[in-house]
Amino acid sequence: MSAYNIAVIPGDGTGPEVVAEGIKVLNAVAGPGGLKFDYTYYDLGGERYRRTGETLPDSVIAELRQFKAIYLGAIGHPDVAPGILEKGILLNARFALDQYINLRPVILYPGVETPLKDKGPEDIDFAVVRENTEGLYAGAGGFLKYGTPDEVAVQESINTRKGVDRCLKFAFELTRKRNRAKKLTLVAKTNVLTFASNLWFRAFEAMAPQYPDVTTDYAHVDATCMWFVKNPEWFDVVVTDNLFGDIITDLGAMIQGGMGVAAGGNINPEGVSMFEPIGGSAPKYTGLQVVNPLAAIAAAQMMLEQLGAAKAAAAVEAAIKKTAANDMQSMAAGKMGLSTSQVGDKVAKYAVEMIK
Ligand code: IPM
Ligand code: MN
């Protein structure tokens, strides 16, 4: 029996509803999977900020370091100015815990509709490895002559060789581990970003010989947006910087059937990782039991994988696929034909049946 202490941050809006379904599924597979979970809930998000002015206090960060993993619902509140919660909680956690990888699988589950004509589950199955602590997210820059007609705003992209190398290494290893087309595509903008993308390109070329079994490829980020739509089957693993990764994974989420199914992991392979559905807090649906919990459940599945609970993870993945294929009319909020909680019930039931 393996025991795991998990920090749970349900967060804002529909976060708590979808997290409840993920926990339901984790609890269902715990017994048959020989796992034990101890959850500690943290009240973080817009409500707490409005009450106390706190986002993610240093004392909480210190506590979060003690857990095996963090399970996050959503952060974002309609009455809090944009940026405060995102920077104060989500980015703060990613940076403080050095979660330098943002892993975002783009998988079209069977039975799920994609907006791409003539593409099916065999065409859309890749992973984006997004650098998660540097680039334009590093917060380097500033204003000159703020608020005047002569104002200047500078925002710098920070790319360290160490930061790029550790991200590339994760991506090469993942490509090997997936053992599919074994193709790793670097996405950047070498034709314009002749410093930042140049560093990424050189680091990529320098590392490639260590992975002779992996085919390497390069695509500009704008062209990547085109290929994701036109030929998603060309991709196996994509590695890119923080902002490019942010942008292309929203596109990735759409081709896999929408925000209701897209999950991500903020991973520190040597530390504490945090798993989340990437769809946001969807405030207008709060409490209505209409949002799709599959993304949150898929995030829990990624957490199981990271914890080394491979059998439970495989069962949850199979159960998600079965639920999507057999029981749901749509992946969109309010159109599933089931409530949020009923979707969780189905996945939990199938996962228990399928765990080996
Ligand atoms: C994401 C989100 C965040 C990001 C925001 C909320 C800060 O868009 O996880 O992709 O830009 O990383
Ligand atoms: Mn994003």
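Reading the values: rules and limits
- Residues numbered from 1 in each chain as written.
- Chains lettered and ligands numbered in written order.
- Predicted model: local features only at pLDDT ≥ 70, side-chain atom pairs only at ≥ 80, totals over all residues.
- Heavy atoms only, no water.
- Pairing = 2+ DSSP bridges.
- Helix = DSSP H or I, 4+ residues; strand = E, 2+ residues; numbered from the N terminus.
- Axes fitted to C-alpha atoms, helices over the stretch in contact; angles between N-to-C directions.
- Contact = heavy atoms within 4.5 Å.
- Expected span 1.5 Å × (residues − 1).
- Buried < 20%, exposed > 50% of the residue type's maximum accessible area, 1.4 Å probe, protein only.
- Arc of directions from axis to C-beta.
- Salt bridge = Lys/Arg side-chain N within 4 Å of Asp/Glu carboxyl O.

Enquirer: Hey, could you run me through the sheet that holds strand 4 (residues 101-107) in this one?
Expert: Strand pairing in a sheet relies on backbone hydrogen bonds, with the paired strands running either antiparallel or parallel. Spatial ordering of the open sheet is given by 2-1-3-12-11-4-5-10-8-9, a layout of ten strands whose pairing is mixed. Strands with a single pairing partner mark the edges of an open sheet, and in this sheet they are strand 2 (35-41) and strand 9 (215-220). Mean inter-strand twist for the sheet, computed between neighbouring axes without regard to direction, equals 25°. Helix 5 (residues 161-178) contacts strand 4, strand 5 (125-131), strand 8 (183-188), strand 9, strand 10 (237-240) and strand 11 (263-267) of the sheet and is inclined by roughly 165° relative to strand 5. Contacting strand 5, strand 8, strand 9 and strand 10, helix 6 (residues 196-207) runs over the sheet at an angle of about 160° to strand 8.

Enquirer: For this particular structure, what's the right way to read helix 10 (residues 310-326)?
Expert: Residues spaced three or four apart along an α-helix face the same direction, because each turn holds 3.6 residues. The end-to-end C-alpha distance of helix 10 is 24 Å, a good match for the 24 Å that 17 residues give at a rise of 1.5 Å each. When we look at burial in helix 10, the residues that qualify are Ala312, Ala313, Ala315, Val316, Ala319, Ile320, Thr323 and Ala324. One side of helix 10 holds all its buried residues, which, seen down the axis, span an arc of 165°. Exposed side chains of helix 10 directed beyond 90 degrees from the buried face belong to Ala310, Lys311 and Asn326. Contact partners of the buried residues in helix 10: helix 1 (15-33), strand 2, helix 9 (294-307) and helix 11 (340-354).

Enquirer: Help me out: how do you make sense of the pattern of salt bridges in this one?
Expert: If the charged atoms of two oppositely charged side chains come close together, the side chains can form a pair. This structure, assessed with the given rule, holds 22 salt bridges. The salt bridge involving Lys321 is made with Glu317; its shortest N-O contact spans 3.9 Å. One end of the pair is Lys321 and the other is Glu317, both in helix 10 and four residues apart, which spans about a single turn. The class of Lys321 is partly exposed, set by a relative accessible area of 30%. Residue class for Glu317 comes out partly exposed when judged on its relative accessible area of 22%. In this structure, a network of salt bridges that share partners links the residues Asp125, Arg178, Arg180 and Asp236.

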